Number of protein chains: 2
Amino acid sequence: MLKLTKKADYGLMALKYLAEHPEAVALSAKDVADAYGIPAQLLAKILQQLTKKGLLRSHAGMNGGYALARDAREISAFEVILAIDGPFFITSCTKGTKACELTPSCTIKEPLARVNETIAGVLKSISIQDLAEHEHQPAKASEGHGLVALTL
Amino acid sequence: MLKLTKKADYGLMALKYLAEHPEAVALSAKDVADAYGIPAQLLAKILQQLTKKGLLRSHAGMNGGYALARDAREISAFEVILAIDGPFFITSCTKGTKACELTPSCTIKEPLARVNETIAGVLKSISIQDLAEHEHQPAKASEGHGLVALTL
DNA sequence: CTGAATGCGGACCTATCCAGTCGGATATTC
DNA sequence: GAATATCCGACTGGATAGGTCCGCATTCAG
Ligand code: SF4
Ligand code: SF4
């Protein structure tokens, strides 16, 4: 429950890797997969999805590969998750197909929706840059980018 | 992904219902199930789990049922989820059995762990009382119980 | 021109987990 | 002792996540 999919996980790792290698014109899916031990074909599909959503630019052919479409600090973890796993909801009531049929009688879905938004806000406040920067570095308490007010 | 299980969902609804009926000595699983249209047997098991974890007190026999073990504002949503779905992790690396084998090479699990803690903090800041109070009431911006600092 | 490297995209398989059900035992009251 | 409860384990069916396979399109080096 409440778990990130591995695809999203892999996607974040890959983006971070790309952010850490800005000198490279493009890195192939295989390069990234080998760097971390991720199944190459699976990562390939993930990167394709990210490309389709406009987070990456791709280039086929020899010496082709992927590169960030924007600056690393302009890409949030939320976007990545959204691109890979689709819309983000912690409850089942909004699953598109076959919503929970007690939605009318349910009295907690509204409070939970706020929790949902809060979590989304947290994820939006994290950029790929943040992930890359954090390498072996003690927590910077005064970063100031994440202060989230939950108003139930 | 990142979805609450329906069991946890049902559990929260049930606790809220109990919180809203403090006058009742005890409410049976069936009472609550009927009130919302939740499968009775399933809810029964959920309430049993909550009892085992000490969030509810139970009483068998006629006119038996369940009652909150503590004051509604002393029970957090986090505890409920924990009791029903077990330990709370957004990543797969800590699933107890069969952890993700790239844990050593993974470079994002530490940042994600912080996100995890942040979310846990949000859930801890929500009490059953909060859920019950919120009935048809506009958001009270000055509630002040939830201000969560995310320090990546 | 040709072939290797790469991205693209669908079909497919499999294991796991969730939601819900069933059956039976035990406890309490009337 | 009958009715009403909680208690507890086992089971099933369906959904989804994780991963594989294969064929095609694109690019570039020699
Ligand atoms: S409607 Fe209520 S019970 Fe159904 S999924 Fe949404 S929150 Fe959960
Ligand atoms: S180790 Fe890294 S890849 Fe594996 S589950 Fe944890 S965060 Fe995800």
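One can find the structure itself at the top, above this paragraph.
Because the structure is predicted, anything quoted here is derived from the model rather than measured.

Conventions used here
Residues numbered from 1 in each chain as written. Chains lettered and ligands numbered in written order. Predicted model: local features only at pLDDT ≥ 70, side-chain atom pairs only at ≥ 80, totals over all residues. Heavy atoms only, no water. Helix = DSSP H or I, 4+ residues; strand = E, 2+ residues; numbered from the N terminus. Buried < 20%, exposed > 50% of the residue type's maximum accessible area, 1.4 Å probe, protein only. Contact = heavy atoms within 4.5 Å. Areas by Shrake-Rupley, 256 points an atom, 1.4 Å probe, with all protein chains shown as cover. Near = heavy atom within 4 Å. Axes fitted to C-alpha atoms, helices over the stretch in contact; angles between N-to-C directions. Parallel < 35°, antiparallel > 145°, perpendicular 65-115°, else oblique. Left-handed = near helix turned anticlockwise from the far one by under 90°. Polar contact = N/O pair within 3.5 Å; in protein donor to acceptor, adjacent residues only side chain to side chain. Nonpolar A, V, L, I, M, F, W, Y, C, P; charged D, E, K, R; others polar. Core = buried A, V, L, I, M, F, W, Y, C linked by side-chain atoms within 4.5 Å. Salt bridge = Lys/Arg side-chain N within 4 Å of Asp/Glu carboxyl O. Pairing = 2+ DSSP bridges.

Asks: I keep staring at the overall build of chain A and nothing clicks. Help me out?
Replies: For chain A, the count of helices and strands is six helices and three strands. Mapped in sequence order, the helices and strands of chain A form the string α-α-α-β-β-α-α-α-β. Put simply, chain A has 152 residues, and 48% of those count as buried. Long-range pairs, those at least 24 residues apart, make up 63% of the contacts in chain A between residues at least 6 apart in sequence. Accessible surface, chain A as shown: approximately 7500 Å² in total, 54% of it carbon and sulfur.

Asks: Looking at this structure, I do not really get the site of ligand 1. What am I missing?
Replies: Lining the immediate surroundings of ligand 1 are T91, S92, C93, C100, L102, T103, C106 and K109 of chain A together with D9 and M13 of chain B. With respect to ligand 1, its neighbouring residues span chains A and B.

Asks: In this structure, what is going on with the packing of helix 2 (residues 29–36) of chain A against helix 3 (residues 40–52) of chain A? I would like to understand it.
Replies: Two quantities define a packed helix pair, namely the angle between the helix axes and the distance between the axes. Residues and elements named next belong to chain A. Interhelical geometry of helix 2 versus helix 3 gives an angle of 125° and a closest axis separation of 9 Å. Between helix 2 and helix 3, the angle falls in the class oblique. In the crossing of helix 2 with helix 3, the sense of the turn from one axis to the other is right-handed. Every residue of helix 3 that contacts helix 2 at A29, V32 and A33 is listed here: A40, L43, A44 and L47.

Asks: I keep staring at the protein's contact with DNA strand C and nothing clicks. Help me out?
Replies: Around DNA strand C lies a shell of 26 residues, among which S58 and Y66 of chain A together with K6, L42 and K45 of chain B are the nearest. Between S58 of chain A and DNA strand C, the recorded distance is 2.6 Å, taken from a side-chain N or O atom to a phosphate oxygen. Between a phosphate oxygen of DNA strand C and a side-chain N or O atom of Y66 of chain A, the distance comes to 3.1 Å. Of all the secondary structure elements, the ones that give two or more residues to the surface near DNA strand C are helix 3, strand 1 (56–59) and strand 2 (65–68) of chain A together with helix 1 (6–20) and helix 3 (40–52) of chain B. Its residues assigned to classes, the surface near DNA strand C comprises ten nonpolar, ten polar and six charged.

Asks: What's the story with the nonpolar core in this structure? I'm lost.
Replies: What tends to happen in soluble globular proteins is that the nonpolar side chains get buried as a cluster. Ranked by size, the top nonpolar core spans 100 residues in total, and within it L50 of chain A together with L50 of chain B carry the most contacts. Sequence-distant contacts of L50 of chain A, defined by excluding residues within four places in its chain, comprise G11, L15, L55, L56, V80, A83 and I84 of chain A.

Asks: I would appreciate a short explanation of unusual backbone geometry in the present structure.
Replies: Generally, phi is negative for residues other than glycine and the peptide bonds are trans, each holding for most cases. At N63 of chain A, a residue that is not glycine, the phi angle is positive and equals roughly 60°. Considering the arrangement of structural elements, one finds N63 of chain A in the loop between strand 1 and strand 2.

Asks: I tried to follow the site of ligand 2 on my own but got confused; where do I start?
Replies: The environment of ligand 2 is made up of D9 and M13 of chain A together with T91, S92, C93, C100, L102, T103, C106 and K109 of chain B. The environment around ligand 2 is built from residues contributed by chains A and B.

Asks: Quick question: what am I supposed to make of the pattern of salt bridges here?
Replies: For side chains of opposite charge, pairing can occur when their charged atoms come near one another. Residue and element names in this part refer to chain A. Counting across every chain of the model gives ten salt bridges over all chains. Residue K16 is joined to E20 by a salt bridge in which the shortest nitrogen-to-oxygen separation is 3.0 Å. Residue K16 and its partner E20 are located together in helix 1 (residues 6–20), separated by four residues, close to a single helical turn. A relative accessible area of 28% places E20 in the partly exposed class. With a closest N to O distance of 3.1 Å, R73 and D71 form a salt bridge. Look at D71 and you get partly exposed, because its relative accessible area is 40%.

Asks: What is the right way to read the environment of D71 of chain B from this model?
Replies: Residues and elements named next belong to chain B. Take D71: it is sitting in the loop between strand 2 (65–68) and helix 4 (77–85). C-alpha separation for the pair D71 and D34, spaced 37 residues apart in sequence, amounts to 24 Å. Polar side-chain contacts of D71 include one of 2.8 Å to the backbone nitrogen of R73.

Asks: Help me out: how do you make sense of the pairing of strand 2 of chain A in this one?
Replies: In regular strands, side chains alternate between the two faces of the sheet. Residues and elements named next belong to chain A. The alternating pattern of strand 2 places G65 and A67 on one face and Y66 and L68 on the opposite face, and all of these are buried. Bridge count between strand 1 and strand 2: four bridges; the pairing is antiparallel. Among the inter-strand pairings, L56 is bridged to a residue of strand 2, identified as L68. Hairpin connection between strand 1 and strand 2: a loop of five residues separates the two successive antiparallel strands, and G61 in this loop has a positive phi of roughly 85°.

Distances and angles like these do not, on their own, reveal function.
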